[in-house]
Amino acid sequence: QEKRLQENLKLLQIALPEMEAVRAMVNGRPNVSLLEGEKGIKTVYEEMCNAKSICFWSDLHQLEKQFGESINQISRSIKQNQISTREILPDTTEARSSAIHFRRIAGKYYSAKIARGPIFNDNAVYDDVVVLLRTIQYNLFVVRIEDQTIATTMRTIFDMAWKSSDPFITR
């Protein structure tokens, strides 16, 4: 009987994440998760490779230094999958250079503008997902929020920032 209880416990542990996701959808709750370390960040970057569109506000230069291969994979996926991508960058020589490099790979589906203030880390909206990534210093992590209304609102805020940002790379 103890063996049967252990088997049932294992099955429950496997099914629990799916049950949590269903409960969140039924209750109208967003699906919020915290992914830690480089592995968590790379997981989110891999997910972006299949997005329909992406809006970034990030310091691309910092990301290239730490996650160069993931950034290159995203740029290749943008071109291959024709993912409409916009990015707001900090006004630094390094960020501008990184954006030019990114555009060479991503092609016409990528455009960038320059922010009028500092941007640290990486933030994005894609599909029904908002991600806030801490990619500098120590304790790397991602807060991932999956919710249509939150993503739509964040995309609206991004659009307002996009309109007030300075042109850099156009389509």
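That block above? That's the structure.
An account of the accompanying structure is given in this report. Everything quoted here is computed from the prediction, not taken from an experiment. (Residues numbered from 1 in each chain as written. Predicted model: local features only at pLDDT ≥ 70, side-chain atom pairs only at ≥ 80, totals over all residues. Heavy atoms only, no water.)

Details of the side chain of E87
When you line up the elements, E87 lands in strand β3 (residues 84–89). Its relative accessible area of 2% is what places E87 among the buried residues. Excluding its chain neighbours within four sequence positions, the residues that come into contact with E87 are F56, S58, L60, Y110, S111, A112, K113, F158 and W162. (Helix = DSSP H or I, 4+ residues; strand = E, 2+ residues; numbered from the N terminus. Buried < 20%, exposed > 50% of the residue type's maximum accessible area, 1.4 Å probe, protein only. Contact = heavy atoms within 4.5 Å.)

Quick look at unusual backbone geometry
Unusually for a residue other than glycine, Q82 sits at a positive phi of about 55°. Mapped onto the elements, Q82 comes out in the loop between α3 (60–81) and β3. The backbone of N121 shows a phi angle near 65°, a positive value even though the residue is not glycine. Within the secondary structure, N121 is located in the loop between β4 (110–114) and β5 (122–126).

What about the packing of aromatic side chains?
Scanning the entire structure with this criterion turns up four aromatic pairs. Here the aromatic rings of Y45 and F67 are separated by 6.0 Å at their centres, their planes lie at 75°, and the arrangement is edge-to-face. Taken as a pair, Y45 in helix α2 (residues 37–48) and F67 in helix α3 lie far apart in primary sequence, 22 residues in all. Across this residue pair, the class does not change: Y45 and F67 are buried. Taken together, a centroid distance of 5.7 Å and an interplanar angle of 40° make the contact between W57 and F158 tilted. Here F158 lies in helix α5 (residues 148–164) and W57 lies in strand β2 (residues 53–58), a separation of 101 residues in the sequence. Pair check on accessibility: W57 and F158 agree, each one buried. Members of the aromatic cluster, joined through ring pairs, are W57, F158 and W162. Stacked on the ring of W162, the Lys or Arg R86 has its end atom at 5.2 Å from the ring centre. (Phe/Tyr/Trp six-rings, centres within 6.5 Å; stacked < 30°, edge-to-face > 60°. Lys NZ or Arg CZ within 6 Å of the ring centre and 35° of its normal.)

A word on the nonpolar core
Ranked by size, the top nonpolar core spans 32 residues in total, and within it Y45, M48, Y110, Y126 and V131 carry the most contacts. Within the residue set of this core, elements represented by two or more residues are α2, β2, α3, α4 (93–106), β4, β5 and β6 (129–134). Ranked by residues supplied to this core, first place goes to α3 with six residues. Not counting the four nearest positions on each side in its chain, M48 is found in contact with I54, F56, I74, I83, A124, Y126 and V131. Residues C55, I119, F158 and W162 belong to the second largest nonpolar core, which totals ten residues. (Core = buried A, V, L, I, M, F, W, Y, C linked by side-chain atoms within 4.5 Å.)

Points about the sheet that holds strand β8 (residues 166–169)
One open sheet holds the eight strands; their spatial order is β1-β7-β6-β5-β2-β3-β4-β8, and the pairing between them is mixed. Two strands in the sheet have a free side with no partner beyond their single neighbour: β1 (31–36) and β8. Mean inter-strand twist for the sheet, computed between neighbouring axes without regard to direction, equals 15°. Of the strand pairs in this sheet, β3 and β4 are connected by five bridges, and their pairing is parallel. Residue E87 lies in a different strand from β4, and its bridge partner there is A112. Its contacts with the sheet place α4 against β3, β4 and β8, and it is angled at close to 50° to β8. Seen against the sheet, α5 touches β2, β3, β4, β5, β6, β7 (141–146) and β8 and runs at an angle of roughly 60° to β3. (Pairing = 2+ DSSP bridges. Axes fitted to C-alpha atoms, helices over the stretch in contact; angles between N-to-C directions.)

As for the pairing of β2
For β2, a buried count of five out of six residues is recorded, marking the element as mostly surrounded by other parts of the structure. Of the pairings in the sheet, the one linking β2 to β3 comprises five bridges and is parallel in character. When the sheet's bridge partners are listed, F56 is paired in β3 with E87. Crossover connection from β2 via α3 to parallel β3: handedness right-handed. (Right-handed = clockwise from strand over helix to strand, strands pointing away.)

Geometric values such as these leave the question of function open.
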